[in-house]
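# Working through the structure, step by step
Here is how the chains run, residue by residue.
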Amino acid sequence: MATFRARDRSSAVLRSPRSEVWAALTDADLIAQITPYVTGIDVEGDRWTWRMATLPVLGISVAPKFTEVMDLHPQDRIVFTHDPSRPDEMTAVTGTYDLTDHAGGGTDVSIDLQIACNLPLPGLARPAVERVMAGVVKHMGTVFSRNLLKHLGEA
């Protein structure tokens, strides 16, 4: 068993007001609908448990399920960390969304997230596995962004 990681950092200026962007980013049902590979998000208080479709990684199939503690700072910041009471989960995601007013109107949005996944593969497979993970994360981000813009009426 080895731990593999992928990170994504991106930012954009959206025409929508911060309140609308915030509402979208804190709607678990919407997030599950517009994010590829996510099959559902269960919410219990500040815990969001993400369920994902099966993904092939170097000859094995992984169907990640992970629980995030959501620390919401209304209309400013979302901080998410893996639930420390769930050490049994093989996948963990940590990161932040930051929202600020854009000088020309609209909202500046930035995300910085890191995924860690324990897989029954040798550490020597790290370059190949992390390349696959990075590709999946990039695809998820691209499709999520496109779908978010559609939801907000910007596409």
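Going by the structure above, here's the rest.
So, here's what we can say about the structure. (Residues numbered from 1 in each chain as written. Predicted model: local features only at pLDDT ≥ 70, side-chain atom pairs only at ≥ 80, totals over all residues. Heavy atoms only, no water.)

### Brief notes about the pattern of salt bridges
Worth spelling out the cut-off: Salt bridge criterion: a side-chain nitrogen from Lys or Arg within 4 Å of a carboxyl oxygen from Asp or Glu. Only DSSP runs of H or I with at least four residues qualify as helices, and only runs of E with at least two residues qualify as strands; both kinds are numbered from the N terminus onward. Burial classes follow relative accessibility: with a 1.4 Å probe on protein chains only, a residue under 20% of its type's maximum area counts as buried, one over 50% as exposed, and anything between as partly exposed.
For the structure on display, the rule yields ten salt bridges. Among the salt bridges present, the one from D83 reaches R47, with a minimum N-O distance of 3.1 Å. Taken as a pair, D83 in the loop between β7 (77–82) and β8 (91–101) and R47 in strand β3 (residues 47–52) lie far apart in primary sequence, 36 residues in all. A residue is classified by how much of its surface remains accessible, and D83, at 4% relative accessible area, is buried. Look at R47 and you get partly exposed, because its relative accessible area is 29%. A salt bridge links R86 to D88, with the shortest nitrogen-to-oxygen separation between them at 3.2 Å. The network of salt bridges with shared partners includes R18, D76 and D101.

### Side note on unusual backbone geometry
For Y37, which is not glycine, the phi torsion reads 75° and is therefore positive. Here Y37 lies in the loop between α2 (28–34) and β2 (38–44). Among the residues examined, Y37 registers a relative accessible area of 32% and is labelled partly exposed. Although it is not a glycine, Q75 sits at a positive phi angle of roughly 65°. By the element assignment, Q75 lies in the loop between β6 (65–73) and β7.

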